[in-house]
2 protein chains.
Amino acid sequence: MANVAKKVSWSSKDDEARPGESTPLLNGSPTASQSGEVPRRFSQTNFFRIERLTTVNLDDDTAQDQGGGPSACVSKEILHNEKLLSLNYESLDYDNSENQLFMEEERRISKIGFHVLEIKRWVVCGFIGIFTGLIACFIDIVVEKLADVKYSIIKKNIDKSTEGGGLSISLVLWATMNAGFVMIGSILVAFIEPAAAGSGIPQIKCFLNGVKVPHVVRLKTLVVKVLGVISSVVGGLAVGKEGPMIHSGAVIAAGISQGRSSTLKKDFKIFEYFRRDTEKRDFVSAGAAAGVSAAFGAPVGGVLFSLEEGASFWNQMMTWRIFFASMISTFTLNFVLSVYHGNPGDLSSPGLINFGQFQSEAVQYNWFEIPIFICVGAIGGMLGAVFNRLNYWLTMFRIRYIHRPCLQVIEAMLVGAVTATVSFVMIYAMYAYDCQPIGEDPIKYPLQLFCPDGEYNTMATAFFNTPEKSVRSLFHDSQGTYNPMTLGLFTLSYFFLACWTYGLAVSSGIFIPSLLIGAAWGRLFGLFLSTVSPDSTWADPGKYALMGAAAQLGGIVRMTLSLTVIIVEATGNVTYGLPIMLVLMTAKIVGDFCIEGLYDIHIKLQNVPFLGWEPPAKSHALTARLKVIMLEDCVD
Amino acid sequence: MANVAKKVSWSSKDDEARPGESTPLLNGSPTASQSGEVPRRFSQTNFFRIERLTTVNLDDDTAQDQGGGPSACVSKEILHNEKLLSLNYESLDYDNSENQLFMEEERRISKIGFHVLEIKRWVVCGFIGIFTGLIACFIDIVVEKLADVKYSIIKKNIDKSTEGGGLSISLVLWATMNAGFVMIGSILVAFIEPAAAGSGIPQIKCFLNGVKVPHVVRLKTLVVKVLGVISSVVGGLAVGKEGPMIHSGAVIAAGISQGRSSTLKKDFKIFEYFRRDTEKRDFVSAGAAAGVSAAFGAPVGGVLFSLEEGASFWNQMMTWRIFFASMISTFTLNFVLSVYHGNPGDLSSPGLINFGQFQSEAVQYNWFEIPIFICVGAIGGMLGAVFNRLNYWLTMFRIRYIHRPCLQVIEAMLVGAVTATVSFVMIYAMYAYDCQPIGEDPIKYPLQLFCPDGEYNTMATAFFNTPEKSVRSLFHDSQGTYNPMTLGLFTLSYFFLACWTYGLAVSSGIFIPSLLIGAAWGRLFGLFLSTVSPDSTWADPGKYALMGAAAQLGGIVRMTLSLTVIIVEATGNVTYGLPIMLVLMTAKIVGDFCIEGLYDIHIKLQNVPFLGWEPPAKSHALTARLKVIMLEDCVD
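Residues numbered from 1 in each chain as written. Chains lettered and ligands numbered in written order. Predicted model: local features only at pLDDT ≥ 70, side-chain atom pairs only at ≥ 80, totals over all residues. Heavy atoms only, no water.

## Quick look at the overall build of chain A
Then, number 1: When you go through chain A residue by residue, the secondary structure sums to 23 helices and six strands.
Then, number 2: The proportion of buried residues among the 636 residues of chain A is 61%.
Then, number 3: Expressed as a percentage of contacts within chain A between residues at least 6 apart in sequence, the contacts between residues at least 24 apart total 77%. (Helix = DSSP H or I, 4+ residues; strand = E, 2+ residues; numbered from the N terminus. Buried < 20%, exposed > 50% of the residue type's maximum accessible area, 1.4 Å probe, protein only. Contact = heavy atoms within 4.5 Å.)

Quick look at the structure:
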C-alpha cells in the first residue's frame, strides 16, 4: 500500500528533476545522453524485448523502433513507444487478500461491528456527497465572479474604443488578461502537481480499472485542480469545469474514506477499516459519481458513469451508496446555490451546468426524424474521430518536444492569447453581418461594437461568454438568433481551439467544448433543415443543436449509456431519450471505426496497463488452441 | 438444457394430476396418505436431515416439524416447511462450460463470425423491444376497450336505478360482471398454465438469479399471462398490468433469442448460437428491462431494474443492449399508441402508465420538508410490512387449504365480487358527504348517484375507474377534490382488497395497487399538513400523494435504486429525485426491520434456492474459523 513518491507521467512532464529517483518512465526523457542513464535504457530495452515475446497489443511500428538496437535507443534522443506498458504503475488489489492478519482482524469484529461498518460506509458516502457539492459550489461561484469582472472590464474598454478608436488596445487587454489567468493555472499544474492536468477522467478511469496512478487522489492534486480549473475557465480557454469536478469528487472520496492525507502528512485515525484497496476503490467510484452528479445535476447519470467508465465489478449495496452520494451531492449544490442566489430552500435547480429545460410542446419529434438523427450521429462520430486524430498527433508532438514545465506554461499562455485573438477577430469580422436587437431576455454581456443602437453582435454571444451560457443560448434561442455564417465560423474556430487546448498543462474538461462545437453545427444543421422544409414545425434548430451536441460529445468520448442519461437529466426531459441514445450509438460506431475515444487515446499514450471490458473476440478459440499446443508439447 | 416437464409450484397448485410424474414438491400435497407416496416422504425426510447438518438458513421452527420423526411426517396431512429448498429447480449455467465440444464450436467461428454474432445480438434485442412494446399496446388497448364497455353498462344501470330504485340490481350486475371476467382469467391460470399466476417478477428474479423455474419463459405462459391480466384488470380486481408486462417481456426475450418454442413444438433454426444458459439469461434481462420500459415509460429504470433485481453479473456491452431493447420498447409503444389515438408520429407520450408530468412550479420542495418525507417513508415501510405480513399468512393459508384449481377459481371469483361490493358500498355510503362539481376537466365515468345535478361522487373517481387513472387523479387533482374521510376509507378498504388479491390464481401486478394505496394515504397526509399549516404553499396534497405512493410501493417490494428512477421517469421530472430516494430508502430500512419484501417472501415460500447479493456478515471470519478447525482436525 506504500504510495511511494513516483513521478507522474500524466502531464508528460519529464523526469529531469530530483536526483536519486530513478523512474522507468519512457516518455520523452531528454536526459538520455547522460552517462548514468545508459544502463537504465538497456534494461528498458531488455524489458521491451521481453514484452515483444508476449502478445500484448504490439504491432508493426514497435518493430521499427527496435530495429536500431540498443545503440540506436541511446543515440535517438527520444524513445517514445506508446505500445509499451509503463512500469510506473502498480495495480490495486481486486479483492482482499485473505492472509492470516486479515483473517484475524475479521474475526475480531463482532456482528454489531459489521453493522457499524455498514453505517460508516453510508456516512462516508454522505460526506463525499456534501464535500463534492461544496467544491462544485465554490468553483461555480468563483468562476462566475471572476468572469464577471473580466468581461465587464473588457466590455467597458471595447465600448470606449469603438467610439474613440483603438480597438487593438482592447484586443491586447483581452489577450493579456486571458494569458494571465491561464498562466496562474498552468504554473500550478506544471510545477506543483502535474497529476492535476487535463480533465482527470482518464486517470479516474484507470484508478477504477485497478491501476494505481501516482498522486491522482492526493489533496494537493485537488487544490491544484480546483484553482487550475477556475483559472483556465476564467482565462477564456475552450474548456469546461465538469471533467475536473469528477476528478475532484474522486479525490474527496479517497481522502474522506481513508481518514488521512499524504499531502498534509496527517492521520486522523478514523475509518481505518477502509484503508484497503477494495474499499477505497468503491468510495472513489462514489466520489466520481458525486462529481458527475454535481456537474450535470444528474445523479442517475453519475451512477451509470461510475459503472460504465469505472467499476469492474457490480454490487447492489455499493450501487445504492453511490446513488446516495450522488443525490446528496446534487442536493448540497442546489441548497448552497439557492441560498447564494437569494431564494433559499428552493431545491429544484439542477447541477453546475443547466442546459435549460426543453418545454414539452417544443420537444416533440416524429418518426421520420429518426434517420435524420442517425445522420447527425454519424456526422458527430466523424467529426469526433477527426478531433481525436488531431489531438493524438498534437499529444505525440507535446510528449516529444514540450515536456519542460516552462515550455508547457508558455504554450498554455499562447493558447490563451490566441483564443482571445480568434474570438476578437471573429466578433470584429462579423459586426457587419450579424446584429440582433436586444430582446426582452438580454444576454449578460451584449457587445454592441459597430451594431446599431439597441442591437448587439451575435458572434459575441457565442464567444464573449462562459461556454456553459453559450451552449444554453444555442439550445434555446429562437430560430432567427444566429445566422448560418456565424455558426459555421464559430464551429470551425472553436473546433481547432478546443483540440489545441485539450492536453495542455492546465486543468480542463472536454465536455463543455464538445457540447458547444456540436451545438453550433447542430443548430446550423437545423437551420439547413428548416430552409429545406420551410413550413415544418419539426425542424427546430434548438432540437438539432441538442442532437449535434450529443453527437459531438459522443464522437469524442464514446460513452453511450451514461451520457444518454446525463443529457436527459441535464435537459430535464425524458422525451429525447431514444433520439439521444441513437445519436450517441451511431457516433460511437462511426467513431470507433476510425480511432479510439479521446480518453482511451490518452490512457494508451501514458502506457497504462489498462484492462478492457471484453476479451478479444476468438479468445475462447485461442485458449482452446493453446491447450492443444501445450498438450502436443507434452506428448512430444 | 432439457426442459423436462416438471410441475410448477408457483401457483401453489398441488401435484395430484398426471401420474408417473414424481415431483419432490413439498407444498401441501394432499396425496400424502396414498401408499405409493410413503417412500418419497421418507427420502424427503432424509434429505431434510441432511439439510439440518448444513447451516443454510435453518432456525427453530424447523426443529418443531422434525420433532415428530418420519411417522409424524406421514401422519400429518400437510408438511409444509418454508425453510427447505425445493428439489424442483435446476440451476442455469453461470458461464459456458468449456468442454471439448464447446471449444471446437468456438474454433470454427471466424473473426467475422463473431462480429455477425454481435450484430445478431443487437437485432434480437431490437426485436425483443418491438414485440414487448406491441404486447403492451395490445394489453393497453384491449383493457381500455373492455373497461369502457363494462363501466358504461354499469353506469347506465346505476343512473337508471338511482331514479327508479333497485340499486341492489346494479350491485349484482357489477359483481357478476367482475366475477365473470375474473373467472376467465382464473380458469386460464389455474387449469392451463399455473406459472402465469401473480406478477411474474419473483419468477423472473429467480430466473435471472440462475434458477431454472419450469415453464416460466414458455409461450403458453405468455398467452395465459396476457389474457389473464386483461381479464383481471377488466374484472376490477385490485391489480395492475405492469408486473405481468415485465414477465411478458422476459418470455418474449427467451422465445426470440432461442428461435424455437416448446409450446408450439417448433424450431425455427435461427439464433442457434444463443441456445445456452448464459446467452438466454442475458436476453431475458433485456426482456425484463423492455417490459419495465413499456410499463412505465422508463427505459433507464428498466435497465436498473434488470441490474438491481436480476443480474448477478455486469457487462458493459450487455447493458447497452438492454438499454437498446428498453428504448425500442418504449418507442414502439409510443408509436403504436400515437397512431391508435389519432395523432401519429407524436412520440412524446410515455409508457403504459402515465403519472402525468408534475409541473415545475408545483414541484418545488424546501429543505425542511426532508424530515417530513422521511416520516412518510417510515409510514410506508410500516404499512408495507403489515401488508407483507398479512399476505404471508394468507399465502400460507392458501398453500395449505386452497390448492385445488377449482377452489382457486372460486376464491378469485369471490374476490372479484367482494371488490365490486366493497366499491359499491363505499360509493353508496359516501354519496351524502362527498360530491364535487364536474369541472372543465371531467373524469371519464362521473357517477352522479344521489349527488345534485352537475356534481359527481368523488369516491367513484377512486373506485369506479381503472387503478392507473385513479392514481393520476390522486396525484394531480386540485386540493379540494377529495375529502379526508373518502381518502381514509378508500385507503383502508383498498389495502385489504389488494392484500387479499395478491397471490390469487390470476395474473396480477402489485405495483399499481401499492401506488394507489400510498397515493391515497399520502394525499390524506398532505391534507393534514395543509390543515396544520394553512397558509403554506408547500403542503401540496399531490406532492405528498406521490411520496406516499413511493413509500408504500417501497415498503412492499423494497427496491430503491430502480424504483427511484422508474418513478422519476414516470413523472417526467427529475426534481423529486432526492426526496423519492430518501422515502424509498427509509421505507426499505423500516420494512426490512420487520419482514422481507413481498417478492422475497413468495420466493422463500416456494423454496427456491435463491442466492442473495451479499454473503452473510462475518462469513470471512467463519471461513477463518473453519480453516482453523480443519487444521486442528488434521493435527489431531
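## Section: the side chain of histidine 247 of chain B
Residue and element names in this part refer to chain B.
Then, number 1: Looking at the secondary structure, you find histidine 247 in helix 9 (residues 242-258).
Then, number 2: Polar contacts involving the side chain of histidine 247 include one to the main-chain carbonyl oxygen of valine 216, which spans 2.9 Å.
Then, number 3: In this structure, histidine 247 is in contact with Ala195, Ser199, Gly200, Ile204, Val216, Thr221 and Lys225, ignoring residues within four places of it in sequence. (Polar contact = N/O pair within 3.5 Å; in protein donor to acceptor, adjacent residues only side chain to side chain.)

## Remarks on the packing of aromatic side chains
Residue and element names in this part refer to chain B.
Then, number 1: Tallied over the entire structure, the rule returns 24 aromatic pairs over all chains.
Then, number 2: Between tryptophan 122 and phenylalanine 324, the ring centres sit 5.3 Å apart and the planes meet at 70 degrees, which makes this aromatic pair edge-to-face. Taken together, the residues tryptophan 122 in helix 5 (residues 111-164) and phenylalanine 324 in helix 12 (residues 316-340) connect sequence positions 202 residues apart. With respect to burial, tryptophan 122 and phenylalanine 324 carry one shared label: buried. (Phe/Tyr/Trp six-rings, centres within 6.5 Å; stacked < 30°, edge-to-face > 60°.)

## Thoughts on the confidence of the model for chain A
Residue and element names in this part refer to chain A.
Then, number 1: Summarising the model, chain A shows a mean pLDDT of 77, and 75% of its residues fall at 70 or more.
Then, number 2: At the level of individual helices and strands, chain A shows its lowest average pLDDT in helix 3 (residues 69-75), which scores 37, and its highest in helix 13 (residues 369-401), which scores 93.
Then, number 3: ipTM for the predicted complex: 0.77, alongside a pTM of 0.80. (pLDDT = per-residue confidence, 0-100.)

## Describing unusual backbone geometry
A negative phi angle is the norm for most residues apart from glycine, just as the trans form is the norm for most peptide bonds.
Residues and elements named next belong to chain B.
Then, number 1: Of note, histidine 215 is a non-glycine position whose phi angle comes to about 70 degrees, a positive value.
Then, number 2: Tracing the backbone through its elements, the reader meets histidine 215 in the loop between strand 2 (211-212) and helix 8 (219-234).
Then, number 3: The buried category is assigned to histidine 215, whose relative accessible area is 14%.
Then, number 4: In this structure, arginine 558 is a non-glycine residue whose phi angle is positive, near 60 degrees.
Then, number 5: Along the chain, arginine 558 falls in the loop between helix 19 (541-557) and helix 20 (561-571).
Then, number 6: Take arginine 558: its relative accessible area is 5%, and that puts it in the buried class.

## Examining helix 16 (residues 467-476) of chain B
Then, number 1: Of all the 10 residues making up helix 16 of chain B, seven are buried; the element is thus mostly covered by neighbouring parts of the structure.
Then, number 2: Elements in contact with the buried residues of helix 16 of chain B: helix 9, helix 15 (458-463), helix 17 (484-501), helix 18 (511-532) and helix 19 of chain B.

## Here's the deal with the nonpolar core
Then, number 1: Of all hydrophobic cores here, the largest spans 313 residues; its most connected members are Phe387 and Ile580 of chain A together with Phe387 and Ile580 of chain B.
Then, number 2: Beyond its immediate sequence surroundings of up to four residues, isoleucine 580 of chain A is in contact with Leu546, Met547, Ala550, Thr564, Ile567 and Val568 of chain A. (Core = buried A, V, L, I, M, F, W, Y, C linked by side-chain atoms within 4.5 Å.)

## Some remarks on the packing of helix 6 (residues 167-192) of chain A against helix 14 (residues 405-429) of chain A
If you want to describe how two helices pack, look at the angle between their axes and the distance between the axes.
All names here are of chain A.
Then, number 1: Taken N-terminus to C-terminus, the directions of helix 6 and helix 14 make an angle of 150 degrees; their axes are 8 Å apart at the nearest point. Considering the angle they form, helix 6 stands roughly antiparallel to helix 14. Where helix 6 crosses over helix 14, the two elements pack in a sense that is right-handed.
Then, number 2: For the contact of helix 6 with helix 14, the class distribution of residues is 20 nonpolar, seven polar and no charged. (Axes fitted to C-alpha atoms, helices over the stretch in contact; angles between N-to-C directions. Parallel < 35°, antiparallel > 145°, perpendicular 65-115°, else oblique. Left-handed = near helix turned anticlockwise from the far one by under 90°. Nonpolar A, V, L, I, M, F, W, Y, C, P; charged D, E, K, R; others polar.)

## Structural notes on the environment of alanine 325 of chain A
Residues and elements named next belong to chain A.
Then, number 1: Examined against the element boundaries, alanine 325 turns out to sit in helix 12 (residues 316-340).
Then, number 2: The buried category is assigned to alanine 325, whose relative accessible area is 0%.
Then, number 3: Considering only alpha carbons, one finds alanine 325 and histidine 476, 151 residues apart in sequence, at a separation of 31 Å.
Then, number 4: Not counting residues up to four positions away in its chain, the partners in contact with alanine 325 are Cys125, Gly129, Ala286 and Ala290.

## Points about a nonpolar patch on the surface
Then, number 1: Taken together, the side chains of Ile119, Val123, Phe127, Ile130, Phe131 and Leu134 of chain A define a hydrophobic patch exposed on the protein surface, amounting to about 490 Å² of accessible area.
Then, number 2: Mapped onto the elements of the fold, isoleucine 119 of chain A is located in helix 5 (residues 111-164). (Patch = residues over 30% accessible without salt bridge, like charges linked within 9 Å, V, L, I, M, F, W, Y side chains within 5 Å. Areas by Shrake-Rupley, 256 points an atom, 1.4 Å probe, with all protein chains shown as cover. Salt bridge = Lys/Arg side-chain N within 4 Å of Asp/Glu carboxyl O.)

## So, the pattern of salt bridges
Residue and element names in this part refer to chain A.
Then, number 1: Overall, the coordinates contain 28 salt bridges over all chains when judged by the stated rule.
Then, number 2: The salt bridge partner of lysine 241 is aspartate 140, with a shortest N-O separation of 3.8 Å. One end of the pair, lysine 241, is in the loop between helix 8 (219-234) and helix 9 (242-258); the other, aspartate 140, is in helix 5, and 101 residues separate them in sequence.
Then, number 3: Relative accessible area serves as the criterion here: at 4%, lysine 241 is assigned to the buried category.
Then, number 4: For aspartate 592, the salt bridge is made with arginine 558, and the minimal N-O distance between the two is 3.0 Å. Of this pair, aspartate 592 sits in helix 21 (residues 577-594) while arginine 558 sits in the loop between helix 19 (541-557) and helix 20 (561-571), placing them 34 residues apart in sequence.

## Looking at helix 4 (residues 100-108) of chain B
Residue and element names in this part refer to chain B.
Then, number 1: Those residues of helix 4 that fall on the buried side of the exposure criterion are Phe102, Met103 and Glu106. One side of helix 4 holds all its buried residues, which, seen down the axis, span an arc of 100 degrees. The exposed residues of helix 4 that point more than 90 degrees off its buried face are Gln100, Leu101 and Arg108. (Arc of directions from axis to C-beta.)

## Observations concerning the environment of tyrosine 576 of chain B
Then, number 1: As for its position among the elements, tyrosine 576 of chain B is in the loop between helix 20 and helix 21 (577-594).
Then, number 2: Once the C-alpha coordinates of tyrosine 576 of chain B and tyrosine 365 of chain B are considered, the two residues, 211 residues apart in sequence, prove to be 8.3 Å apart.

## Let's talk about the side chain of serine 530 of chain B
Residue and element names in this part refer to chain B.
Then, number 1: By secondary structure assignment, the location of serine 530 is in helix 18.
Then, number 2: Side-chain polar atoms of serine 530 contact the backbone oxygen of leucine 527, separated by 2.8 Å.
Then, number 3: Ignoring any residue separated from it by four or fewer positions in sequence, one finds serine 530 in contact with Gln479 and Ala539.

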